[in-house]
Amino acid sequence: MRCLYQPLKGLVVVSLEQAVAAPLLSAKLCDAGARVIKIERDAGDFARGYDDAVHGLSSYFVWLNRGKESLVVDIKQREDAALLKRIVASADVFIQNLAPGAAVRAGFGSADLRARHPRLITVDISGYGERGPYSQMKAYDLLIQAETGLAQITGHPAGPGRVGVSISDIACGLTGYGAVLEALIERGRTGLGQGLEISLFAATADWINVPLLYFEGSGKTPQRVGLGHPSIAPYSAFATQDADQVIIAIQNEREWVQFCAAFLGEPGLAVDPRFSTNNARVAHRGDLDRHIGDAFANLTREQAIVRLQQANTAYGFVNDLAAVARHPALRRTEVATPGGPVNMICPPVINTAGDRLLGPVPALGQHTAAIQREFAVRSAASK
């Protein structure tokens, strides 16, 4: 029987969080064994109300809050603020993604917290950064997708599109997770915490490096090509005889030669001046895609798979969510929620040291009384 792997067991994380970016960061820490105390208002994290698809619970909230403890406080109230300060005094990491300036006004500014608790690692998550002309702007995922140019290069030629998940929030949360782990390693050497600032804009902009460098180097904006790649060809979706869509990806000239010979049965096409290099194929993408599309249209899904494997061509099918749920590569695990068990997708890393334990999703304020008792006793004992 495999053991549990909890490398962050014993660490305490206090997260004054809502929505997606900060909860994703703290969820990753929680999965790794840290104790995460989630601070919520009386109304709760507003992500609790995004939908009610999972036993009456929000799919977002179930995904992002497994294993956490829910503490309801009003940080504007003196007693609640004092309780939170006692908890932070024992914490290793403090995370907040409130509206710009709200944490400072409430007495939980990161610089002040680190001055009182030098080992504390603080994480401030914002939309556009703590300084600059956009610092006071409200920011949500789709707004950031638009502002960073991601939406402009995503979608169909007919118009910009949204990436189908909250990718700016996810980019920010995962970037923050890596930064916190780095800070914990550094604290192990120096004994000192750090202040980390992460914005949704900066995290997403980092992922825009390739299209921006391409634009500034060539003067051309990468074109929206739907299920295709703007600068590699063939790297597109094609419909089989039975209407399944398959994406093929040719990454180099050796693969192109193999594809022409083994899949298309046209070895001479590989040296056609229109298609003999990647740049030439991109320039003649319309002719190329029509030619390849005709070949796929005469094959069933199974016939296409056989030919693609013979050509050693990378391929994948455009699955709907029902197909993803049955995918042979998908790993699932059961997580308890207030509404009943949920079969969630496993965390992506398989570690030889052991398995992750994904704790239950908390009801709003489920741990408030217990945490109040714990830290009231600790406070009294310290006098």
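Residues numbered from 1 in each chain as written. Predicted model: local features only at pLDDT ≥ 70, side-chain atom pairs only at ≥ 80, totals over all residues. Heavy atoms only, no water.

Student: Give a detailed account of the sheet that holds strand β10 (residues 245-249), specifying residues and quantitative values.
Tutor: Strands sit in the order β9-β10-β11 across an open sheet of three strands; the sheet is antiparallel. Sheet topology places β9 (235-239) and β11 (314-317) at the edges, where each strand pairs with a single neighbour. Geometrically, the sheet is characterised by an average inter-axis angle of 25° between neighbouring strands, direction not taken into account. Note: β9 against β10, five bridges, orientation antiparallel. Directly across from Ala237, in β10, lies its bridge partner Ile247. (Pairing = 2+ DSSP bridges. Helix = DSSP H or I, 4+ residues; strand = E, 2+ residues; numbered from the N terminus. Axes fitted to C-alpha atoms, helices over the stretch in contact; angles between N-to-C directions.)

Student: Hey, could you go over the packing of aromatic side chains for me, with residue numbers and the actual values?
Tutor: What the rule picks out here adds up to 10 aromatic pairs. With a centroid separation of 4.9 Å and an interplanar angle of 65°, the aromatic rings of Tyr128 and Tyr134 are classed as edge-to-face. The partly exposed category is assigned to Tyr134, whose relative accessible area is 36%. An aromatic cluster is present here, built from Phe238, Trp256, Phe259, Phe263 and Phe296 joined pairwise through their rings. One residue, Lys85, lies across the ring of Phe108, its end atom 5.8 Å from the ring centre. (Phe/Tyr/Trp six-rings, centres within 6.5 Å; stacked < 30°, edge-to-face > 60°. Buried < 20%, exposed > 50% of the residue type's maximum accessible area, 1.4 Å probe, protein only. Lys NZ or Arg CZ within 6 Å of the ring centre and 35° of its normal.)

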